[in-house]
Number of protein chains: 2
Amino acid sequence: MRLSAKVEYAAIAAVELARRIGSPDPVRIRGICEAQGVPARFLVHILLQLKAAGIVASTRGAAGGYRLARPPEEITLDDIRRAVEGPGALVAPVTTELAPRSRVATVLATAWQEASDAESAALASIKLSDLAARCRGAGDTMYYI
Amino acid sequence: MRLSAKVEYAAIAAVELARRIGSPDPVRIRGICEAQGVPARFLVHILLQLKAAGIVASTRGAAGGYRLARPPEEITLDDIRRAVEGPGALVAPVTTELAPRSRVATVLATAWQEASDAESAALASIKLSDLAARCRGAGDTMYYI
DNA sequence: GCACTAATACTCGGATAAATGCTGTCCGAGTTATCATGG
DNA sequence: CCATGATAACTCGGACAGCATTTATCCGAGTATTAGTGC
């Protein structure tokens, strides 16, 4: 499993937004970048993708910024990854292309799919609320109910 | 989860070798390529990587070729993937680099690792012997030389 | 005090460019079985 | 029938080019808050 920098930045920003879920003011991009060390001009486009996916919402103008569009219990790392990397990516493009001619490729295509589903399920089980709670809580103690 | 063409080709070749485990003669690269539609000159380098990882063995010279170095029950798709893509790849390079400065990154790094471990475990549970059996079981029309 | 204007700070979104890795090819070298040839 | 050499087929391994994706950066435009100015 290899993550692109985009997904990593998106997750960092999303967790940062989840931590400030109580505040009425939207979070500015610069605020995230200065706290986490993320290139600002790059994060702009990433947040736009998260907005297009309905994960974050924004208010323009001065005193504008971003906030989560849904409660953090309903956002998983799998949502973020799919929002940024796009849903169109096939798991094993070469194998699926060869599948009609080769039974080996057919068998392998389903095997790759199984592993990919396991990975997606693992990512779907990690919610933003859990991650935000881990940031607040000290050590391994989870305060989130 | 996105697979590189190298890993896909390597898996196809490995299953093809597993299917012919009973034959005393080694399997030639051309034999795999003609049966499965894999570029030959590319597969050479892939098989060299599998050999370096101890997954396949080769005999040089005329009537040479490749065979599995271990019984197919002891080779998993995870072995093949790590042999080809290298073990040095970090799961989340950006996040781990930012971890010392950011608690958010630290929490995320472990979360990514959990998902990666789930994927690896899924791949490690799929053995070459299973895949070869699936090819035979459904009445494949491939001939043995 | 009020209306209006300018400045400011932020998001929006496309264009663009450097960097990196992936994909596949080419070529020469080394190794071994097979076959032809001569004794 | 046997020994020897030529030939062919195959693996070995690095070098390299073309292509696509990633990773940003830049710039102009839109939008809302805020400060300032004149009446």
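Whatever comes next refers back to the structure up there.
My aim in this report is to walk through the structure given alongside it, one point at a time. Since the structure is predicted, the reported quantities are computational estimates derived from the model, not experimental observations.

The rules behind these values
Going along each chain's sequence as written, the residues are numbered from 1 onward. The naming scheme follows written order: chains are lettered A onward, ligands numbered 1 onward. Only residues with pLDDT of at least 70 are given local features in this predicted model, and only at 80 or more are side-chain atom pairs given and counted; all residues enter the totals for whole chains, interfaces and linings. For side-chain calculations, the full set of non-hydrogen atoms in the structure is used, while hydrogens and water are omitted. Any two residues whose heavy atoms approach within 4.5 Å are treated as being in contact. When two parts are put together, the accessible area they lose, computed with a 1.4 Å probe and summed over both, is reported as buried area. Here, a salt bridge means any Lys or Arg side-chain nitrogen found within 4 Å of an Asp or Glu carboxyl oxygen. Numbering of helices and strands starts at the N terminus; helices are DSSP runs of H or I of at least 4 residues and strands are runs of E of at least 2. Whether two strands pair comes down to DSSP finding at least two bridges between them. Summary of the distance rule: residues count as near a molecule or strand when at least one heavy atom falls within 4 Å of that molecule or strand. By the criterion applied in these results, polar contacts are pairs of N or O atoms within 3.5 Å in which, for protein atoms, one can donate a hydrogen and the other can accept it, and in which residues neighboring in sequence qualify only through two side-chain atoms. As a working rule, the residues Ala, Val, Leu, Ile, Met, Phe, Trp, Tyr, Cys and Pro are called nonpolar, Asp, Glu, Lys and Arg charged, and the rest polar, with Gly in that last group.

1. Digging into the interface of chain A and chain B
Interfaces are often described in size by the accessible area the parts lose on coming together. With 45 residues of chain A at the interface, the matching set in chain B holds 45 residues. A combined buried area of about 3,900 Å² lies between chain A and chain B, and 68% of that area is made up of carbon and sulfur atoms. Three residues stand out in chain A for area buried against chain B, namely Met1(A), Arg103(A) and Trp112(A), and they jointly supply 18% of the buried area on that side. The interface formed by chain A and chain B includes 2 salt bridges. A salt bridge links Arg134(A) to Glu114(B), with the shortest nitrogen-to-oxygen separation between them at 3.7 Å. If you list the elements that add at least two residues to the side of chain A that touches chain B, you get α1 (5–19), α4 (77–85), α5 (93–98), α6 (103–124) and α7 (128–136) of chain A.

2. Topic: the pairing of strand β1 (residues 56–59) of chain A
Residues and elements named next belong to chain A. Pairing geometry for β1 and strand β2 (residues 65–68), over 4 bridges, is antiparallel. Opposite Val-56, over in β2, you have Leu-68 as the bridge partner. What sits between β1 and β2 in their antiparallel hairpin is a turn of 5 residues, with Gly-61 showing a positive phi close to 80 degrees.

3. Observations concerning the protein's contact with DNA strand D
Not every one of the 25 residues close to DNA strand D is listed here, only the nearest: Arg28(B), His45(B), Lys51(B), Ser58(B) and Tyr66(B). Backbone sugar and phosphate groups make up 64% of those atoms of DNA strand D lying within 4 Å of the protein. One of the backbone nitrogen or oxygen atoms of Ile29(B) is found 3.2 Å away from a phosphate oxygen of DNA strand D. Interatomic distance of 2.6 Å between a side-chain N/O atom of Lys51(B) and a phosphate oxygen of DNA strand D. Breaking the surface near DNA strand D down by element, the ones donating at least two residues are α1 and α3 (40–52) of chain A together with α2 (29–36), α3 (40–52), β1 (56–59) and β2 (65–68) of chain B. Partitioned by chemical class, the residues of the surface near DNA strand D number 9 nonpolar, 9 polar and 7 charged.

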